Amino acid sequence: METLNPEILNRFINPDISRIPGVGDKEVSVEENEVAIRAGHALMAHAMAQGLAAVVPVTDEPAIPASVGSYRIAPCSMADVHEPPYRVDDTDIQDQLNALRAQNQQGKLDNSLVVACAASVSAAADALKDTPRAADERIVVYICGGGFVSSDVPLLKWHYIKVSHELGQRVFVPRYHVAPTHQFPRAPYDVCAAMHYLCAHGFRPQNMTFVCISAGGSVGLAALHLWHLQGRPMINGAVAIAPSVDLTLAHRSWRGNQDKCVLHYVPPEHPCSMSQMYCGAEAHERLQRHPLVSPLLGPLQHLPPVQVHVGGDDALHDEATELAARINEQQGSAELFLYPKRNHYTILRGKTQLDALYANIRQLTN
């Protein structure tokens, strides 16, 4: 197992490579892809030896020029929002959700949204308000990834503003809380609470489309499961890009694509695994197969139309393709888009790749 090489790590997190607006349009060189893969494995190898906190870099939010788009971080208070109680098949999970619901309605949770708008969508002063600009306004709810333990909200700012530009819609990004400080079910609860907040401010569920990235796939689909259990009208559709939807990590591509993908396989029994970090060391064996943790293993027929996008070299390839298949088997509606030789890093890199991605997403959102 490769140890952490500071030179590789510095190249991987260098702002010139991954943290400036529009970087996604730059085609990925073979060298950059190899550096990203080596750095991804080195980071997790170091985490397994030293603990996760030693390798999660502190990142600044990249500046977004006004000519590209605007955003604001807004509080998301639920004190005056009617939120129905949860009815989950696991008493412990339901108790935790009800406790979060009570705290939220008392204004004791620090939820917030990022409201983003591309300059090409509108220059109006109300573009960043969290209220509809028209009764039938379509919006995107963008669920970032980060392996359940870090937030990609700053890192992916260029992308959700790009999504706003490409789709001609505003984007709302729930800043859900991450593990291990805030373990399951906090993340899907935060997203579900954000949906209630948007509805209370005039948005309609049928005009919302989810775009879920990586671990955001599990969080977003779990939030839709909660939404369904509350008897709420389902949203317009969901786009799952390289989604993590099975925390048992039992699929072959986790190991078969190790030399092609930035994601490093960490077995569920390891303390640094996604399963233990997200669910807790004591509960992960019981919870890792629960449908709110691993949506792939639960009922899927309640979902809206879903697009699943994944690269052929992604460690998540097999669970993503199985997600599309299982949705259709359960009489739902899913469409699979496979991008050969793309991995978890390169699926959002290169103008040709992104143009294809946005063209496919546009079919669902418009």
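Bear in mind the structure is a predicted one, so any value in this text is a computation, not a measurement.

### Structural notes on the packing of helix 6 (residues 186-200) against helix 7 (residues 215-229)
Running from amino to carboxyl end, helix 6 crosses helix 7 at an angle of 60°, the nearest separation of the two axes being 8 Å. Here helix 6 is positioned oblique relative to helix 7, judged by the angle of their axes. The handedness of the crossing between helix 6 and helix 7 is right-handed. Between helix 6 and helix 7, the contacting residues are Ala-187, Pro-188, Tyr-189, Val-191, Cys-192, Met-195, His-196 and Cys-199 on the first element and Val-219, Ala-222, Ala-223, Leu-224, Leu-226 and Trp-227 on the second. For the contact of helix 6 with helix 7, a count of residues per class yields 13 nonpolar, 1 polar and no charged.

### What about the pairing of strand 5 (residues 208-213)?
Of all 6 residues in strand 5, 6 are buried, a share of seventy percent or more. Neither face of strand 5 is left uncovered, since the one carrying Met-208, Phe-210 and Cys-212 and the one carrying Thr-209, Val-211 and Ile-213 both have all their residues buried. Relative to strand 5, strand 3 (residues 139-143) is paired through 5 bridges, and the arrangement is parallel. By the bridge assignment, Val-140 is partnered in strand 5 with Thr-209.

### Considerations on the confidence of the model for the chain
The predicted coordinates should not be examined in detail at positions where pLDDT is low. Taken as a whole, the chain shows an average pLDDT of 86; of its residues, 88% reach a score of 70 or greater. Contacts from residues 11-22, a stretch scored under 50 in pLDDT, to residues over four places away or in other chains number 29 contacts.

### Quick word on the packing of helix 5 (residues 157-167) against helix 12 (residues 351-365)
In the contact formed by helix 5 and helix 12, the axes pass within 10 Å of each other and the chain directions differ by 60°. Classed by the angle they form, the pair helix 5 and helix 12 counts as oblique. Between helix 5 and helix 12 the crossing geometry is right-handed. Every residue of helix 12 that contacts helix 5 at Trp-158, His-159, Lys-162, Val-163, Glu-166 and Leu-167 is listed here: Leu-354, Tyr-358, Ile-361, Arg-362 and Thr-365.

### Description of the nonpolar core
Among the nonpolar cores identified, the biggest contains 76 residues, and Phe-210 and Tyr-278 are the most heavily contacted of them. In this view, Phe-210 contacts Val-141, Ile-143, Val-191, Met-195, Gly-220, Leu-224, Ile-235, Gly-237, Ala-238 and Val-239; residues no more than four positions away in its chain are not counted. Membership of the second largest hydrophobic core comes to 29 residues, among which are Ile-161, Val-173, Phe-337 and Leu-354.

### Some remarks on the packing of aromatic side chains
Within this structure, the stated rule accounts for 6 aromatic pairs. Taking the centre distance of 5.4 Å and the plane angle of 65° together, the rings of Tyr-142 and Tyr-160 count as edge-to-face. Placement of Tyr-142 in strand 3 and of Tyr-160 in helix 5 is noted, with a sequence separation of 18 residues between them. Each member of the pair Tyr-142 and Tyr-160 is classed as buried. Aromatic rings pair up to connect Phe-148, Phe-184 and Tyr-278 into one cluster.

### Regarding the sheet that holds strand 8 (residues 334-339)
The 8 strands are arranged 1-2-4-3-5-6-7-8 in an open sheet whose pairing can be described as mixed. In this open sheet, the two edge strands, each paired with only one partner strand, are strand 1 (69-75) and strand 8. With strand direction ignored, the average angle separating the axes of adjacent strands in the sheet is 20°. Both strand 2 (residues 112-118) and strand 4 (residues 170-174) contribute to a ladder of 4 bridges, which runs antiparallel. Bridge pairing links Ala-116 to Val-171 in strand 4. Together, strand 1, strand 2, strand 3, strand 4 and strand 5 form the strand contacts of helix 5, whose direction differs from that of strand 2 by roughly 50°.

### Things to note about the environment of Val-140
Among the secondary structure elements, Val-140 is positioned in strand 3. Between the C-alpha atoms of Val-140 and Ala-116, which are 24 residues apart in sequence, the distance is 9.8 Å. Other than its neighbours up to four places away in sequence, Val-140 contacts Val-163, Leu-167, Gln-169, Arg-170, Val-171, Phe-172, Thr-209 and Val-211.

### Quick word on unusual backbone geometry
Cis rather than trans, the peptide bond between Ala-179 and Pro-180 has omega equal to 0°. Note that Pro-180 resides in the loop between strand 4 and helix 6. Look at the link from Phe-184 to Pro-185: it is a cis peptide, with omega at 10°. Of note in this structure, Phe-148 is not a glycine but carries a positive phi near 70°. Residue position: Phe-148 is located in the loop between strand 3 and helix 5. Judged by its relative accessible area of 2%, Phe-148 is buried. A positive phi angle, near 70°, is found at Gln-331, a position not held by glycine. Take Gln-331: it is sitting in the loop between helix 11 (317-329) and strand 8. Of the residues examined, Gln-331 reaches a relative accessible area of 69% and is grouped as exposed.

About the criteria used
- Every residue gets a number counted from 1 within its own chain, in the order that chain's sequence is written.
- In keeping with the predicted nature of the model, local features appear solely for residues at pLDDT of at least 70, side-chain atom pairs appear and are counted solely at 80 or more, and the whole-chain, interface and lining totals rest on all residues.
- Where side-chain values are given, they derive from all heavy atoms of the structure, hydrogens and water being excluded.
- In this analysis an axis means a line fitted to C-alpha atoms, helices contributing only their contacting stretch, and an angle means the value between N-to-C directions, from 0 to 180 degrees.
- Only DSSP runs of H or I with at least four residues qualify as helices, and only runs of E with at least two residues qualify as strands; both kinds are numbered from the N terminus onward.
- Orientation is classified from the angle alone, with under 35 degrees giving roughly parallel, over 145 giving roughly antiparallel, 65 to 115 giving roughly perpendicular, and any other angle giving oblique.
- In this scheme the crossing of two helices becomes right-handed for a clockwise turn of the near helix relative to the far one and left-handed for an anticlockwise turn of less than a right angle.
- Any two residues whose heavy atoms approach within 4.5 Å at even a single point are treated as in contact.
- Put simply, Ala, Val, Leu, Ile, Met, Phe, Trp, Tyr, Cys and Pro go in the nonpolar bin, Asp, Glu, Lys and Arg in the charged bin, and everything else, Gly too, in the polar bin.
- Only protein chains enter the accessibility calculation, which uses a 1.4 Å probe. A residue is then buried if its area is under 20% of the maximum for its type, exposed if over 50%, and partly exposed in between.
- Paired strands are those between which DSSP finds at least two bridges.
- A score from 0 to 100, pLDDT tells how confident the predictor is in each residue.
- Among the buried residues, those of types Ala, Val, Leu, Ile, Met, Phe, Trp, Tyr and Cys that are joined through side-chain atoms within 4.5 Å form a nonpolar core.
- For this analysis, a ring pair means two rings from Phe, Tyr or Trp (six-membered ring only for Trp) whose centres lie within 6.5 Å, classed as stacked if their planes differ by under 30 degrees, edge-to-face if by over 60, and tilted for the remaining angles.

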